Amino acid sequence: MLSRRALTRLPRLTRSIVTAADATVPKSEPSTSEPFTVRLHEDSFQSYHCDKPSLEVEVEKNDLLRQYKLMYTMRRMEMAADQMYKAKLIRGFCHLAIGQACSLTPIEAISVGLEAAITREDLVITAYRCHPFAVLRGGSIKGVLAELLGRQDGMSRGKGGSMHIFTPTFFGGNGIVGAQVPVGAGLAFAQKYLGKNTASFALYGDGASNQGQVFEAYNMAKLWDLPVVFVCENNKYGMGTSAERSSSNTQYFTRGDQIPGIQVNGMDIIASRQGAKYARDWVTSGKGPLLLEFVTYRYGGHSMSDPGTTYRTRDEIQRMRSTNDPIRGLDKYLQEWGLATEEDLKTLEKEAKAEVDQAVEEAKASAEPTEKDLWTDVYYKGTEPTFLRGRERDEVHYY
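Now for a description of the structure that goes with this document. (Residues numbered from 1 in each chain as written. Predicted model: local features only at pLDDT ≥ 70, side-chain atom pairs only at ≥ 80, totals over all residues. Heavy atoms only, no water.)

Considering the pairing of strand E10 (residues 261-265)
Counted residue by residue, E10 has five buried out of five residues, so it is predominantly covered. Taking every second residue as pointing to the same face, both faces of E10 are buried, with Gly 261, Gln 263 and Asn 265 on one and Ile 262 and Val 264 on the other. Bridge count between strand E3 (residues 45-48) and E10: four bridges; the pairing is antiparallel. Bridge assignment links Gln 46 to a residue of E10, and that residue is Gln 263. (Buried < 20%, exposed > 50% of the residue type's maximum accessible area, 1.4 Å probe, protein only. Helix = DSSP H or I, 4+ residues; strand = E, 2+ residues; numbered from the N terminus. Pairing = 2+ DSSP bridges.)

Some remarks on the pattern of salt bridges
Tallied over the full model, the rule gives 21 salt bridges. Residue Arg 328 is joined to Asp 331 by a salt bridge in which the shortest nitrogen-to-oxygen separation is 3.2 Å. Note that Arg 328 and Asp 331 are positioned in helix H11 (residues 326-336) at a spacing of three residues, about one turn of the helix. Residue Arg 328 is classed as partly exposed on the basis of its relative accessible area of 37%. Looking at Asp 331, the relative accessible area reads 14%, which means it is buried. Salt bridges linked by common partners bring Arg 328, Asp 331, Lys 346 and Glu 349 together as one network. (Salt bridge = Lys/Arg side-chain N within 4 Å of Asp/Glu carboxyl O.)

A short note on the sheet that holds E10
Hydrogen bonds between backbone groups are what pair the strands of a sheet, and the pairing can be parallel or antiparallel. The strand order across the open sheet built from six strands is E3-E10-E11-E7-E6-E5, with neighbouring strands paired in mixed fashion. In this open sheet, the two strands that pair with only one neighbour each are E3 and strand E5 (123-125). Strand-to-strand, the axes of this sheet are offset by a mean angle of 20°, without reference to chain direction. In this sheet, strand E7 (residues 228-234) lies alongside strand E6 (residues 200-205) in parallel orientation, the contact comprising six bridges. Considered in E7, the bridge of Gly 205 is made with Glu 233. With respect to the sheet, helix H7 (residues 212-223) is in contact with E6, E7 and strand E11 (290-295), its orientation differing from that of E7 by roughly 150°. (Axes fitted to C-alpha atoms, helices over the stretch in contact; angles between N-to-C directions. Contact = heavy atoms within 4.5 Å.)

Geometric values such as these leave the question of function open.
Shown next as structure tokens:
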């Protein structure tokens, strides 16, 4: 017989999160004109020190169609970036966020689901796989692609590149692993200080989860009960290292100590939206911070320079790609529930492709930054000193 103390040291046998993209079923009769209720798979969520989000979700035809088009548009944008990078039009780092043969991490369900669940006043900050968030948070496809090309029409005027793109409610795009997490806590501190009933979402990957600054941010956020959601996009691999090889605890939603957490199927757009909505409601109701882990999978390599096949098998990748594509999952819902035909969805895809193709041409036509642009954006507008010295002593620019 094992003692009670020995029993408490045994690992708990918990059911793992489901990552299927098409496991949601209607609970009521699907309607093309009225909202109706669907039920998520029973293993769509796991929780830590809190209740799970409801499995019953109200959906509406037009919202689902809008989300389908947005996900497909984001994928086409990243595919265009992939092609321009391979044509050597884009230089430097380029971390994509799509789910195709040429792709990396299929986070369309996460980015679009998160955006559908929050308000325009909420704040978002993430790492370097940031292009969809930049567009969804008020940017433009042309602005993202022009930025990747280093052109003046880029969202950072061609100076930031892939990892440094911003809007008034999107704070990047950050190139230093994990560094955005304490900044996200700072955003939440500012929101609370100003008395705003809004939320901050600080996103990071499983590869950044062991950074010391992440845990420091957890501690500060809980100490002051800040309205911040720490979002871990767990795609199973940090560069070429699997989560199991780098983390003693791969249940990232449980790593906040006193901070509650939930784990969400990041491959299902409906589950992603429901999880993000639950998280926002939690932090804006005065309960303090929350950890939100989206479980997804990285089909391709870490970046454009990583083939992604040297540290895992091709069979593993193909199995995940064939069963866990978030766009194909929503495609199945729309057709099986009688909300759209295959022709309807093809029309949306053609519209998305045309929008991205036009943005590509406009981005390519944009001018490159001039020499005088080197002196701009060094200081916040209106706070510049009288002059700024360049590389040499006699190289001086007067404002």
